[in-house]
Amino acid sequence: MLTTFGCQMNQADSQRLRGLLTKIGYTETESEEDADLILFNTCCVRQHAEQRLIGRIQSLINHKRRNANLIIGVAGCMAQNMQAEMLEALPLVDLVFGPNDIEELPLLLQRAANGRTLGSFVDRGAFDGDSADGIILNRPFSAMVNIIRGCTNFCSYCIVPYVRGPEISRPMAELKTYISELAARGVTEITLLGQNVNAYGRDIGLEEGFTQLLEMIEDIDGIRWVRFMTSHPRDFSLAAIKRIAALSKVCEQYHLPVQSGSNHILELMKRGYSREKYLTLVDAVREHISEACLSTDIICGFPGESESDFADTLELVEKVRYESAFMYYYSPRPGTKAAEMADQLSEEEKKDRLARLIEVQNRISLEESQKLIGREYEVLVEANAARDQTDLVGKTRSGRSVNFPGDNSLIGSYVRVRIEQARNWTLSGRMVTEK
Ligand code: SF4
């Protein structure tokens, strides 16, 4: 049984973990009781994820007592970050390995069967062994593709550069082969992933490497839609936006994490752009990409954030009118610069600001969604809807979820849907014609 926490890069790593486990004879179980291997692919970006994981592992004590062969493993960023401490702090854990050790999993499992073990936590410096036939996709028509690992930005609140290391781009030729293999397997939609996709190619001497990569994918037969995340506003050039606007496969979904609307806080966060530069980028996206859907990440209550800084964030949110936002309150990560800063805000202040921000953004999300009622969109049908199994759920090019009545046989195909209702982010409608 494999449980994934955290970002889409972790989801992509889980595609590989599943593939490797299947190759060596494992099948996925529905419940922990039936499992001989319980693996957690972890994230260390937020502290509460750590606490959740520790709780989950501790709750496995009875399974471990009942099944002497049960191996409990922890993979991913948290494993990389805590390594030996994790074996020490969690006696139920048999195996700890980092994101760069995934290919070693079969060997590590053999070692874990003979006693508790740690991965090598190597800095591979390459995407060794990633091939499209070795992954298990959650949906056979849609794949996540890691194009760049690590991050060299060192935003003052973020642990990722310390854990995942410097940026390493996957060579373009290798990506061409990989994505072509995916297309040959029936994948029509890909999501390109990286902590900072706009930095793609910088470490291998490519100028505007990310744009070149998108242009290369435009020519791969079989791929219809291309999404990407996460963009760093500092590294997204206006020239790149103009070139991307000409590519028909690139979906109109732009996740541009702003983090704060205050220049003072952006400076403290070491984000490398100002509020003004960010707004210029937003204007360029809206000017060149019709129907662009903008989303963002925002941290409330960063150390030193005054009420006036927070008001700048609210004002920016009103100005940009994001379709959606991931909103958090700041939680210090040990080992980062921000964790050492003076002027840490109280939990109450942080929670209060987050609640106020959510209220504003929810209103905007609903207003923006309601504008779509009566319009028609092409939708990739993904699955049965969670709430009502007679409904299907799919995504528009802009990344919005749409529920509509339809038959299971449509899953994986592209249909047109007229929007009839809107709740904050989710839309519902009716199919118009099949494509
Ligand atoms: S860009 Fe900043 S927030 Fe994103 S992973 Fe890198 S350091 Fe962390």
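Residues numbered from 1 in each chain as written. Predicted model: local features only at pLDDT ≥ 70, side-chain atom pairs only at ≥ 80, totals over all residues. Heavy atoms only, no water.

A word on the packing of aromatic side chains
Inclusion rule: A pair of aromatic rings is counted whenever rings of Phe, Tyr or Trp (Trp by its six-membered ring) have centres within 6.5 Å, and the orientation is called stacked for planes under 30 degrees apart, edge-to-face for over 60 and tilted otherwise. Put simply, DSSP marks the helices as runs of H or I at least four residues long and the strands as runs of E at least two long, and each gets a number from the N terminus on. Categorising residues by exposure relies on relative accessible area from a 1.4 Å probe, with only protein chains included: less than 20% of the type maximum marks a residue as buried, more than 50% marks it as exposed, and the intermediate range marks it as partly exposed. Both a distance and an angle decide whether a charge sits over a ring: NZ of Lys or CZ of Arg must be within 6 Å of the ring centre and within 35 degrees of the ring normal.
Evaluated as defined, the whole model comprises 10 aromatic pairs. Centre to centre, the rings of tyrosine 157 and phenylalanine 302 are 6.3 Å apart; their planes meet at 85°, and the pair counts as edge-to-face. Residue tyrosine 157 is located in the loop between strand E7 (148-149) and helix H6 (160-164), and its partner phenylalanine 302 is located in the loop between strand E12 (293-300) and helix H12 (307-320); the two are separated by 145 residues in the primary sequence. An angle of 65° between the planes, with centres 6.3 Å apart, marks the rings of phenylalanine 228 and phenylalanine 236 as edge-to-face. Just as phenylalanine 228 is buried, phenylalanine 236 falls in that class too. Through a chain of ring-to-ring contacts, three or more aromatic side chains come together here, namely Phe210, Phe228, Phe236 and Tyr254. Over the ring of tyrosine 414 we find arginine 224, and its NZ or CZ is 3.8 Å from the ring centre.

A look at the environment of leucine 357
Short version of the rule: When checking whether two residues touch, look at their non-hydrogen atoms; a contact exists if any pair is within 4.5 Å.
By the element assignment, leucine 357 lies in helix H13 (residues 347-370). Relative accessible area serves as the criterion here: at 0%, leucine 357 is assigned to the buried category. A C-alpha to C-alpha distance of 8.2 Å links leucine 357 and cysteine 300, two positions 57 residues apart in sequence. Excluding its chain neighbours within four sequence positions, the residues that come into contact with leucine 357 are Ile298, Cys300, Phe310, Thr313, Leu314, Val317 and Met327.

A few points about the site of the ligand
As a reminder, the rule being used: Only heavy atoms are used to decide nearness, and a residue is near a molecule or strand if one of them lies within 4 Å of it. Under the scheme applied here, ten amino acids are nonpolar (Ala, Val, Leu, Ile, Met, Phe, Trp, Tyr, Cys and Pro), four are charged (Asp, Glu, Lys and Arg), and all others, including Gly, are polar.
Cys151, Asn153, Phe154, Cys155, Tyr157, Cys158, Val160, Pro161, Gln195, His232 and Arg271 make up every residue found near the ligand. Here the residues of the shell around the ligand are counted per class, giving 7 nonpolar, 3 polar and 1 charged.

Examining the packing of helix H7 (residues 172-184) against helix H8 (residues 209-218)
How we decide: Helix axes are fitted only over the stretch in contact, all axes being lines through C-alpha atoms; the angle between N-to-C directions runs from 0 to 180 degrees. Any angle that falls under 35 degrees is termed roughly parallel, while one over 145 is termed roughly antiparallel, one within 65 to 115 roughly perpendicular, and all others oblique. Note: crossing handedness is left-handed where the near helix turns anticlockwise from the far helix by less than a right angle, and right-handed where it turns clockwise.
Two numbers describe how H7 lies on H8: the axes approach to 11 Å, and their chain directions differ by 30°. Looking at the two axes, H7 sits roughly parallel to H8. For the crossing formed where H7 meets H8, the hand is right-handed. Touching Met172, Leu175, Lys176 and Ile179 of H7 are Gly209, Gln212, Leu213, Met216 and Ile217, all from H8. Residues that form the contact of H7 with H8 fall into these classes: 6 nonpolar, 2 polar and 1 charged.

Some remarks on the domain arrangement of the protein chain
Our working rule: Delimitation of the domains relies on an automatic or database domain assignment. What gets called buried area is simply the loss in accessible area from a 1.4 Å probe that two parts show on being joined, summed for both.
Each assigned domain of the protein chain is listed here: domain 1 (2-118), domain 2 (123-251) and domain 3 (376-434). Each of domain 2 and domain 3 has a C-alpha centre, and these two points are 27 Å apart. Taken together, the 11 residues of domain 2 in the interface contact 14 residues of domain 3. Interface area lost by domain 2 to domain 3 is led by Phe141, Arg224 and Trp225, which between them contribute 54%.

Quick word on the pattern of salt bridges
Two side chains carrying opposite charge are able to pair once their charged atoms lie near each other. As a reminder of what qualifies: A side-chain nitrogen of Lys or Arg and a carboxyl oxygen of Asp or Glu constitute a salt bridge if their distance falls within 4 Å.
Taken as a whole and assessed by the stated rule, the structure comprises 29 salt bridges. Note that glutamate 32 and arginine 56 form a salt bridge whose closest N and O atoms lie 3.2 Å from each other. Pair noted here: glutamate 32 is in the loop between helix H1 (8-23) and strand E2 (37-42) and arginine 56 is in helix H2 (residues 47-58), with a separation of 24 residues, a long-range link. The salt bridge involving arginine 353 is made with glutamate 305; its shortest N-O contact spans 2.9 Å. With arginine 353 in helix H13 and glutamate 305 in the loop between E12 and H12, this residue pair connects regions lying 48 residues apart in the sequence. Side by side, arginine 353 and glutamate 305 carry an identical accessibility label, which is buried. Residues participating in the shared-partner salt-bridge network are Glu318, Arg321, Arg363, Glu367, Glu368 and Lys371.

With respect to the nonpolar core
Heads up, the rule is: Think of a nonpolar core as a cluster: buried Ala, Val, Leu, Ile, Met, Phe, Trp, Tyr and Cys residues, connected wherever their side-chain atoms sit within 4.5 Å.
Of all hydrophobic cores here, the largest spans 61 residues; its most connected members are Ile147, Ile190, Leu192, Leu213 and Tyr254. In this structure, Ile38, Cys44, Val74 and Met86 belong to the second largest nonpolar core, which totals 24 residues.

Some words on the sheet that holds strand E1 (residues 2-4)
We count it as follows: Strand pairing is assigned whenever DSSP identifies at least 2 bridges connecting the two strands.
Strands sit in the order E1-E2-E3-E4-E5 across an open sheet of 5 strands; the sheet is parallel. If you trace the sheet from one side to the other, it starts and ends with E1 and strand E5 (117-118), each paired once. Where E1 meets E2, 3 bridges bridge the pair, whose relative direction is parallel. By the bridge assignment for E2, threonine 4 is matched with asparagine 41. Strands in contact with H1 are E1 and E2; relative to E2, the strand with the most contacts, it is inclined by about 155°.

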